[in-house]
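Each chain, written out:
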Protein chains: 2
Amino acid sequence: MADSWANSEEAAGSEGGAAAGADLYLALAGGGGRRTRLMSALREAIRSGRLAPGTRLPPYRSLAADLGIARNTVAAAYAELVEEGWLTARQGSGTRVARRTAAMPVERSAPTPIDRTAHPARLGPSRLRHDLQPSSPNAAAFPRADWVASTRRAMAAAPNDAFGVGDPRGRPELRHAVAEYLSRARGVRADPGRIVITTGFAHGLHLLADALDGPIAMEAYSLPYHRELLRDKGVRTLPISVDTHGAVVDELRDSPARAVLLTPAHQYPTGGPLHPERRVAVVDWIRSTEAFLLEDDYDGEFRYDREPVGALQGLDPDRIVYLGSVSKSLSPALRVGWMVLPDTLVDRVLAVKEDREMWVSVIAELTLADFLSGGAYDRHLRRTRITYRRRRALLVETLARRAPHIRVTGIAAGLHAVLELPTGTEESTLRAARRLGLAVDGLHRYRHPDATTPARDGLVIGYGTPADHAFGPALEALCAALPQPDR
Amino acid sequence: MADSWANSEEAAGSEGGAAAGADLYLALAGGGGRRTRLMSALREAIRSGRLAPGTRLPPYRSLAADLGIARNTVAAAYAELVEEGWLTARQGSGTRVARRTAAMPVERSAPTPIDRTAHPARLGPSRLRHDLQPSSPNAAAFPRADWVASTRRAMAAAPNDAFGVGDPRGRPELRHAVAEYLSRARGVRADPGRIVITTGFAHGLHLLADALDGPIAMEAYSLPYHRELLRDKGVRTLPISVDTHGAVVDELRDSPARAVLLTPAHQYPTGGPLHPERRVAVVDWIRSTEAFLLEDDYDGEFRYDREPVGALQGLDPDRIVYLGSVSKSLSPALRVGWMVLPDTLVDRVLAVKEDREMWVSVIAELTLADFLSGGAYDRHLRRTRITYRRRRALLVETLARRAPHIRVTGIAAGLHAVLELPTGTEESTLRAARRLGLAVDGLHRYRHPDATTPARDGLVIGYGTPADHAFGPALEALCAALPQPDR
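Keep in mind it's a predicted model, so treat the numbers as computed, not measured.

## Let's talk about the overall build of chain A
Right, on to step 1. Across its full length, chain A holds 16 helices and 19 strands.
Right, on to step 2. By residue count, 60% of the 487 residues in chain A fall in the buried class.
Right, on to step 3. Carbon together with sulfur atoms contributes 50% to the accessible area of chain A, which is approximately 19100 Å² in total.

## Overview of the pairing of strand 8 (residues 237–240) of chain B
Residue and element names in this part refer to chain B.
Right, on to step 1. Bridge analysis of strand 7 (residues 216–219) against strand 8 gives four bridges, and the strand direction is parallel. Following the sheet pairing, E219 is matched in strand 8 by I240.
Right, on to step 2. Following the backbone out of strand 7, through helix 10 (residues 224–232) and into the adjacent parallel strand 8, one traces a crossover that is right-handed.

## A few points about the sheet that holds strand 18 (residues 441–442) of chain A
Residues and elements named next belong to chain A.
Right, on to step 1. Read from one edge of the open sheet, four strands run 15-16-19-18, paired in antiparallel fashion. Where the open sheet ends on each side, the last strands, each with one partner, are strand 15 (407–409) and strand 18.
Right, on to step 2. Here strand 16 (residues 416–420) pairs with strand 19 (residues 458–462) via five bridges, running antiparallel. Paired with L419 across the strands is L459, a residue of strand 19.

## Some details on unusual backbone geometry
What you tend to see is this: most non-glycine residues have negative phi, and most peptide bonds are trans.
Residues and elements named next belong to chain A.
Right, on to step 1. Cis geometry is adopted by the peptide bond preceding P269, which originates at Y268 and carries an omega value of 5°.
Right, on to step 2. You can see P269 is positioned in the loop between strand 11 (259–262) and helix 11 (276–289).
Right, on to step 3. Notably, R335 is not glycine yet its phi reads approximately 55°, a positive angle.
Right, on to step 4. You can see R335 is positioned in the loop between strand 13 (320–325) and strand 14 (337–340).

## Quick look at the environment of A:R385
Residues and elements named next belong to chain A.
Right, on to step 1. For R385, the position within the fold is in helix 14 (residues 376–402).
Right, on to step 2. Residue classification places R385 among the partly exposed residues on the basis of a relative accessible area of 21%.
Right, on to step 3. Separated by 295 residues in sequence, R385 and R90 have C-alpha atoms that sit 73 Å apart.
Right, on to step 4. Residue contacts for R385: discarding those within four places in its chain leaves E301, F302, R303 and Y304.

## So, the sheet that holds strand 18 (residues 441–442) of chain B
Right, on to step 1. Pairing within the open sheet is antiparallel, and its four strands lie in the order 15-16-19-18 (chain B). The outermost strands of the open sheet, each flanked by one partner alone, are strand 15 (407–409) and strand 18 of chain B.

## What to know about the packing of aromatic side chains
Right, on to step 1. Taken as a whole and assessed by the stated rule, the structure comprises 16 aromatic pairs over all chains.
Right, on to step 2. A ring pair is formed by A:F163 and B:F142, whose centres lie 4.3 Å apart and whose planes are at 10°; its orientation type is stacked. Of this pair, A:F163 sits in the loop between helix 7 (144–157) and helix 8 (172–186) while B:F142 is found in the loop between strand 5 (130–131) and helix 7 (144–157), placing the two residues in two different chains.
Right, on to step 3. Ring geometry for B:Y181 and B:Y377: centres 5.1 Å apart, planes at 85°, overall edge-to-face.

## Details of the environment of A:I46
All names here are of chain A.
Right, on to step 1. With respect to the helices, strands and loops of the structure, I46 is situated in helix 3 (residues 34–47).
Right, on to step 2. By relative accessible area, which is 5% here, I46 ends up buried.
Right, on to step 3. Counting along the chain gives 52 residues from I46 to A98, while the straight-line C-alpha distance between them is 9.3 Å.

## Looking at helix 5 (residues 71–84) of chain B
Right, on to step 1. In this model helix 5 of chain B runs 20 Å from its N-terminal to its C-terminal C-alpha over 14 residues, within 8% of the 20 Å that 1.5 Å per residue would give.
Right, on to step 2. All of the buried residues along helix 5 of chain B are B:T73, B:V74, B:A77, B:Y78, B:E80, B:L81, B:V82, B:E83 and B:E84.
Right, on to step 3. In this fold, the buried residues of helix 5 of chain B make contact with helix 11 of chain A together with helix 3 (34–47), helix 4 (60–67), strand 3 (87–90) and strand 4 (94–97) of chain B.
Right, on to step 4. Phi for B:G85, located one or two positions after helix 5 of chain B, is positive at around 95°.

## Points about the side chain of A:R171
Residue and element names in this part refer to chain A.
Right, on to step 1. One can find R171 in the loop between helix 7 and helix 8.
Right, on to step 2. Given a relative accessible area of 11%, R171 falls into the buried group.
Right, on to step 3. In this view, R171 contacts P159, D161, A162, V362, E365 and L366; residues no more than four positions away in its chain are not counted.

So, how was this worked out
- Residues numbered from 1 in each chain as written.
- Chains lettered and ligands numbered in written order.
- Predicted model: local features only at pLDDT ≥ 70, side-chain atom pairs only at ≥ 80, totals over all residues.
- Heavy atoms only, no water.
- Helix = DSSP H or I, 4+ residues; strand = E, 2+ residues; numbered from the N terminus.
- Buried < 20%, exposed > 50% of the residue type's maximum accessible area, 1.4 Å probe, protein only.
- Areas by Shrake-Rupley, 256 points an atom, 1.4 Å probe, with all protein chains shown as cover.
- Pairing = 2+ DSSP bridges.
- Right-handed = clockwise from strand over helix to strand, strands pointing away.
- Contact = heavy atoms within 4.5 Å.
- Phe/Tyr/Trp six-rings, centres within 6.5 Å; stacked < 30°, edge-to-face > 60°.
- Expected span 1.5 Å × (residues − 1).

Here you go:
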């Protein structure tokens, strides 16, 4: 037996015998039947270059005798490898390793593993020990047992056709549960026929970008990912300024925008709700210009000081598209969101939506339907609101004590706050944070490149993400990274 | 109490009292606390037009007294409705219905429900009683109990970070399980680092359309949806002929295509496996032209007369992209598929893939990983193979008896067969089928519009979809729809 082979892992793990026939050494290792193992061994020998192209294999009778297995097992293995293109069989010339397999690269000693176990854009290199980046909820708080219970009930109740091709709007069970929930909890005017289930906010924005015409106005401070998504779709975005009362919707007056994307309940990322007068003014604008408003209600469930502001959508369901998801309330890993569409947009969006792909898993839909209508969602929100309220208090209290010169805003709601920094200190603060192993976002990255108002320095602090034990140390690192007060 | 109000459903279902104050009648119906119910009643009154824009509301003290609820409850409700834009409050002029709310449409008597409970393209109108359209497995066979058990185990075993933002390639647990399964069952050379989890084949094709350059050759008979997807992405598709040995890959020799999309295990829809010599020839072509081969292994698990042909990918993992999914083997409703990429394409595909959206539900991923590695998938395949083999036998036997003049092909594998029809009879046969309430596909719709070979008449019969009790009657309808033999 050749050394290189005898020493290989495969030979070491061999269950079968090794066969020597006409220069052919084979170890029938691994699982499966004899034919399967013989085929694997032959493929491996060809791949590794041990069996060169054109090499004639022993007649199946000899190999069968050598390996102590049935002749027709070997014959079947040869025939299948011929069919797969590894071998060729010609009358009079026997069975040979296929000629063109020559060009196959000799097996690399070890395939290069590409390590992307963590999501690079979010977690960064492993030396980042603390995560205060916004936009993820506490992964440790996911209600696993309740989710399994909802899965069990949903699978027992589902009709057979749930496992067929399905409805591009999503399962009716979930659309009914979402309509009921949004109407009750967010004042949304929703009927199941106007709801489309998505894999999240961005999926909805994708569809709307194709279904709507013309440029879209958006807040000058907003998620860069949304701007980029629209840009990649060929949609022009026009910034409107943001102040302490939210988006300055008066700027829409002379805008060529045909739609406006807003975060009325809690401006992202600066943190205030849209002022009541501006709510009325923007509804005026969409009516007088026949434009649409896209309401991104990304964290409407989390408000700490009093009840949440109701959704803007209730003011004009015929011109406002309401978009939400469970990415903040449960987990971004679920990939379930929804749009409540004006009647006039339902057909346009469905025409754009792929009929068969990029849908949400029906099992996730049915499970979430049970989770919503059975009360588990409300219970989960109550529990997590308490956790986040405590974290917010700890953040505010710690900063008041350790960095009283830094103003914290946007804390009435949601899972993040904004720390205002002295002008010109954002970049050095981010550098200091990185040195301390703290992942945190600066305000600059949220600013629309065409924004005209002066850029503001600040940090966007997500207090949802860390596990409980990790939150205190993350705050310590934050305080250490902040600029010192002027003297 | 005004008649129009007293007679309304809301008044009839009222739990609270009805209040008369300053022309304001309110029934506090529905669930929630008093403030919530009051707010709902006010919003409803404004929406319905009962409370006209500019109408002054009673002072909160009077309304509180009328309704028998606390003053600050009413005050809070007013304040929130001001914040939401329904009401305005000005010093000295009291609380009024917001002016611009005037433009709100008066509530339609009943919102028009848009009924799309069934997927229109697949099931058609409800008078279709029999479904022999190809491409869906038997929905009734979904292994619900095993799936719930896998969910339970997966949720118990998942690390917390599974519920965070995650890896754009998909969870490592699933990529490992898929690599192990594909290597064992399909002869695919897969390591988890080169696998990307998708929502199905078309999601993979979307990504590849953006990651690859130049036109893509595809079989002249193939799924129209895939052609349309590529066309919508701006990718030119070039048909190559299909005969009884599968795609005529020799036609690639002078083709400007930079990639070729094939269904080597079971040509879709005509049904044969790619001939061994053509397997070798197409690998030759991708090597000599540095093109890529996209291997659509959509039903490789279902082969009835002997073991499945191994995947082509094993012949050249550096130039062949392997694509598969559970849409045929488990359910299209799960929306889980995979790509095994050449090393050189991993970064290009990940650069195209949205970082944060259009991912598969992590819970579906973790559950499927358990389902694959715990053996439930193999058990399910064994069970369903028996069912489908029986159906295939019944199809062949029924046609031999009832329509011996019709040739059936493509029955060695998969969930569908092709019935060859006399030239010029496809359209009339489809019409006859529709009259009998039978949904079935003609061969013409699969033909590439640029194909040069003559069009063939035929039916593509999916025998996977119907429930067991419905299969016999569907076959009867099929036989009745077929053209009579020439005399």
